Amino acid sequence: ELRLATIGLIGLMQTMQTVDLVTPLLTQFDVEKDDQVKLELLDILGIVCSATHKADSKTKITLDIKQRILGYASDFLLKDDDAKAVIGAKVIRKLIEKNGLQEQEIQKYLTQLADRYNRKEEDPNSTLKAELLSAMVGLSSDNSVVKQYARDTLYTYFKDALEDNSDVIRETAIDGLG
């Protein structure tokens, strides 16, 4: 409990851009044994790294660190555990929507999101399915510097999702096509 609360506080401190916390968070992630704490650490790493892209941020992350965190997020995305997959998708979205990656790397993560989304096709009421589609929509939005790659790669998924039984999925798909 204390470690989880501390992780939340660390994330808040970083979003206020007071200190560089990426390295210690990443170090803790590497040695952490508790799955729940590791999940929270990855989530906070995504928030912290996203905050480093702001123009007034005093903290910057290297491409190596970004790729390392993306690797962890990718591992989580591909897990059967829905909570891990959701965090993995959110972190991937946060880290690639600001760019700094080669086109082939962007394509790799877009494909992973789409493939993971396809794994949930047989589950029409899945919260994970909605979260994955939402991450895909976020990458296709006007705020994303990878929007054109995302739109080209994910258009078919948004179009097909318009036929889904879930209102949430259909509404999210409309955002992706808009």
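Criteria and thresholds
Residues numbered from 1 in each chain as written. Predicted model: local features only at pLDDT ≥ 70, side-chain atom pairs only at ≥ 80, totals over all residues. Heavy atoms only, no water. Axes fitted to C-alpha atoms, helices over the stretch in contact; angles between N-to-C directions. Helix = DSSP H or I, 4+ residues; strand = E, 2+ residues; numbered from the N terminus. Parallel < 35°, antiparallel > 145°, perpendicular 65-115°, else oblique. Left-handed = near helix turned anticlockwise from the far one by under 90°. Contact = heavy atoms within 4.5 Å. Nonpolar A, V, L, I, M, F, W, Y, C, P; charged D, E, K, R; others polar. Phe/Tyr/Trp six-rings, centres within 6.5 Å; stacked < 30°, edge-to-face > 60°. Buried < 20%, exposed > 50% of the residue type's maximum accessible area, 1.4 Å probe, protein only. Lys NZ or Arg CZ within 6 Å of the ring centre and 35° of its normal. Salt bridge = Lys/Arg side-chain N within 4 Å of Asp/Glu carboxyl O.

1. A few points about the packing of helix H2 (residues 22-31) against helix H4 (residues 63-77)
Where H2 contacts H4, the axes come no closer than 12 Å and their chain directions differ by 40°. Here H2 is positioned oblique relative to H4, judged by the angle of their axes. Both H2 and H4 take part in a crossing whose hand is left-handed. Across the interface between the two elements, Val-22, Thr-23, Leu-26, Phe-29 and Asp-30 from H2 touch Ile-65, Arg-68, Ile-69, Tyr-72 and Phe-76 from H4. A breakdown of the residues in the contact of H2 with H4 according to their chemical character gives seven nonpolar, one polar and two charged.

2. A word on the packing of aromatic side chains
For the coordinates displayed, the defined rule picks out three aromatic pairs. A centroid spacing of 4.5 Å and a plane angle of 45° characterise the contact between Phe-29 and Tyr-72, whose relative ring orientation is tilted. Here the residue Phe-29 occupies a position in helix H2, and Tyr-72 occupies one in helix H4, the gap between them amounting to 43 residues. Look at Phe-29 and you get buried, because its relative accessible area is 1%. Centre to centre, the rings of Phe-29 and Phe-76 are 6.1 Å apart; their planes meet at 45°, and the pair counts as tilted. Highlighted residues: Phe-29 in helix H2 and Phe-76 in helix H4, separated in sequence by 47 residues. Exposure remark for Phe-76: the relative accessible area of 7% places this residue in the buried category. Put simply, the rings of Phe-29, Tyr-72 and Phe-76 touch in pairs and so form one group of aromatic residues. The ring of Phe-29 carries Lys-38 above its face, with NZ or CZ at 4.6 Å from the centroid. Lys-84 extends its terminal NZ or CZ atom over the ring of Phe-76, reaching a point 5.7 Å from the ring centre.

3. Digging into the pattern of salt bridges
Once the charged atoms of two side chains with opposite charge are near each other, the side chains can pair. Inspection of the entire model under this criterion finds eight salt bridges. For the salt bridge of Asp-35 with Lys-84, the shortest nitrogen-to-oxygen distance reads 3.5 Å. Linking Asp-35 in helix H3 (residues 35-51) with Lys-84 in helix H5 (residues 82-96), this pair joins segments that are 49 residues apart in sequence. Residue Lys-84 is classed as buried on the basis of its relative accessible area of 14%.

So, to be careful, I would describe these as geometric facts and stop short of saying anything about function.
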